[in-house]
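Inside the fold
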Amino acid sequence: QVQLVESGGGLVQPGGSLSLSCAASGFTFSSYTMSWYRQAPGKERELVAIITSAYGTNYAGSVKGRFTISRDNAKNTVYLQMNSLRPEDTAVYYCRASLVRTYWGQGTQVMVSS
């Protein structure tokens, strides 16, 4: 059974940091492109960051230089380090795995507020 379980969300003040994790199981993690998406209230889900099986990365312009995506194939886990957080980063963050099929996690809430 495929599972993607996100963790690490919470409430943080503007300028703060959070680290999200997504633990995967039930598929060959190392072969999959992994990505983080987010969805703010009233907005469409958007791509935040992506990391390929070859460790290539790409970022949305709004988070470039502040967020870092990484993966540990030995732990079947993908991470998102978020620094210099802004109120507009508030959203539910989702982990996604894609190759032939696409899998989604259930999401973790991130709120940036003073």
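Further up the page is the structure itself.
As the structure is a computational prediction, the values presented were derived from the model and not from experiment. (Residues numbered from 1 in each chain as written. Predicted model: local features only at pLDDT ≥ 70, side-chain atom pairs only at ≥ 80, totals over all residues. Heavy atoms only, no water.)

Notes on the packing of aromatic side chains
Selection rule: Geometry of aromatic contacts follows a simple scheme: Phe, Tyr and Trp rings, the Trp one being its six-membered ring, pair when their centres are within 6.5 Å, and the pair is stacked under 30 degrees between planes, edge-to-face over 60, tilted otherwise. Each helix corresponds to a stretch of at least 4 residues labelled H or I by DSSP, and each strand to a stretch of at least 2 residues labelled E; elements are numbered beginning at the N terminus. Only protein chains enter the area calculation, which uses a 1.4 Å probe; residues under 20% of their type maximum are buried, those over 50% are exposed, and those in between are partly exposed.
With the rule as written, the count across this model stands at six aromatic pairs. For the ring pair Y37 and W104, a centre distance of 5.0 Å and an interplane angle of 65° mean the geometry is edge-to-face. Within this pair, whereas Y37 is found in strand β4 (residues 33-39), its partner W104 is found in strand β10 (residues 102-104), the two being separated by 67 residues in sequence. Where Y94 meets W104, the ring centres are 6.4 Å apart and the plane angle is 85°; that geometry is what we call edge-to-face. In this pair, Y94 is assigned in strand β9 (residues 91-98) and W104 in strand β10, connecting sequence segments ten residues apart. A relative accessible area of 14% places Y94 in the buried class. Relative accessible area serves as the criterion here: at 36%, W104 is assigned to the partly exposed category. Through a chain of ring-to-ring contacts, three or more aromatic side chains come together here, namely F27, F29, Y32 and Y103.

Let's talk about the pairing of strand β1 (residues 3-7)
How we decide: Between any two strands, at least two bridges found by DSSP are needed for them to pair.
Side chains L4 and E6 project from β1 onto a buried face, and the interleaved Q3, V5 and S7 project onto a face without burial. One ladder, built from five bridges, connects β1 with strand β3 (residues 18-25); its direction is antiparallel. What sits directly across from V5, in β3, is A23.

As for unusual backbone geometry
Trans is the common state for peptide bonds, and a negative phi is the common state for residues other than glycine. Positioned with a positive phi, Y55 is a non-glycine residue whose angle comes to about 75°. A positive phi is found at S84, a non-glycine position, where the angle reads about 50°. Note that S84 resides in the loop between β8 (77-82) and β9.

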